[in-house]
Amino acid sequence: MPEAPNEFAASPNGDKWYLEHNETADQHTVIHRANDASGGTVTRWPISSFLEHFGDHPQGQALRDALHDAGSAEQEVPSEHTPVVQKLVTSFPWSRKTQPVED
C-alpha cells in the first residue's frame, strides 16, 4: 500500500503542501493543494523545481525541514534560490521551526 503524503506546510488561507514518497522510484514529490476558494487545484512538483520557485518562501524552508527529517538526499538539490549563508527563519503560521538554517 502506498505511503500517505505527509503535510509539511499550511498557509493561513488554507493552501497545503505535502511531501509524497514513491518507494518504487525512491523519489519525493511535492504536492500543493490550493484552498477551496481557489478551486482546490492539486499540483505536483519535482523537489528541484519546487525549490527553484519557492526556495526562499516559508514553504521552501518547511520542505527542507521535512526532507531533513525524512533523511532524504534530495534535500541537497542546488538551485539559484538556495541560501548560501545562514539566516534566521522567521516564524510564520505554516513554518515548522524558528531557528538558524543549517547547510
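Residues numbered from 1 in each chain as written. Predicted model: local features only at pLDDT ≥ 70, side-chain atom pairs only at ≥ 80, totals over all residues. Heavy atoms only, no water.

A. Layout of helix 1 (residues 47-54). The set of residues buried in helix 1 consists of Ile 47, Phe 50 and Leu 51. Projection of helix 1 onto a plane perpendicular to its axis shows the buried side chains occupying an angular sector of 95°, all on one side. Those residues of helix 1 hidden inside the fold are in contact with strand 1 (6-10), strand 2 (16-22), strand 3 (27-33), strand 4 (42-46) and helix 2 (58-70). (Buried < 20%, exposed > 50% of the residue type's maximum accessible area, 1.4 Å probe, protein only. Helix = DSSP H or I, 4+ residues; strand = E, 2+ residues; numbered from the N terminus. Arc of directions from axis to C-beta. Contact = heavy atoms within 4.5 Å.)

B. Looking closely at the side chain of Asn 35. Its place among the elements puts Asn 35 in the loop between strand 3 and strand 4. Side-chain polar atoms of Asn 35 contact the backbone oxygen of Asn 13, separated by 3.0 Å. Leaving out residues up to four positions away in the same chain, Asn 35 has contacts with Asn 13, Gly 14, Asp 15 and Gly 40. (Polar contact = N/O pair within 3.5 Å; in protein donor to acceptor, adjacent residues only side chain to side chain.)

C. Broad picture of the pattern of salt bridges. For the coordinates displayed, the defined rule picks out one salt bridge. For Glu 20, the salt bridge goes to Arg 44, with nearest N and O atoms at 2.6 Å. One end of the pair, Glu 20, is in strand 2; the other, Arg 44, is in strand 4, and 24 residues separate them in sequence. On the basis of relative accessibility, which here comes to 23%, the residue Glu 20 falls in the partly exposed class. (Salt bridge = Lys/Arg side-chain N within 4 Å of Asp/Glu carboxyl O.)

D. Molecular detail of the pairing of strand 2. Of the pairings in the sheet, the one linking strand 1 to strand 2 comprises four bridges and is antiparallel in character. Bridging across to strand 2, Ala 10 finds its partner in Lys 16. With seven bridges joining them, strand 2 and strand 3 adopt antiparallel strand pairing. Considered in strand 3, the bridge of Asn 22 is made with Gln 27. From the end of strand 2 to the start of strand 3, which pair antiparallel, there are four residues, and Asp 26 there has a positive phi angle of about 50°. (Pairing = 2+ DSSP bridges.)

E. Representation of the packing of helix 1 against helix 2 in the model. Relative orientation of the contacting elements helix 1 and helix 2 amounts to 145°, with a least axis distance of 9 Å. Listed contacts from helix 2 to Ile 47, Phe 50, Leu 51 and Phe 54 of helix 1 are Gln 59, Gly 60, Leu 63, Arg 64 and Leu 67. (Axes fitted to C-alpha atoms, helices over the stretch in contact; angles between N-to-C directions.)

F. Summary view of the confidence of the model for the protein. In the predicted model, the protein carries a mean pLDDT of 75, and 65% of its residues have values of at least 70. Note that residues 73-92 has pLDDT below 50 and, in this model, 40 contacts with residues that lie over four places away or in other chains. (pLDDT = per-residue confidence, 0-100.)

G. Local environment of the environment of Pro 46. Note that Pro 46 resides in strand 4. What makes Pro 46 partly exposed here is its relative accessible area of 49%. Remark: the alpha-carbon pair of Pro 46 and Gln 27, spanning 19 residues in sequence, is separated by 8.8 Å.

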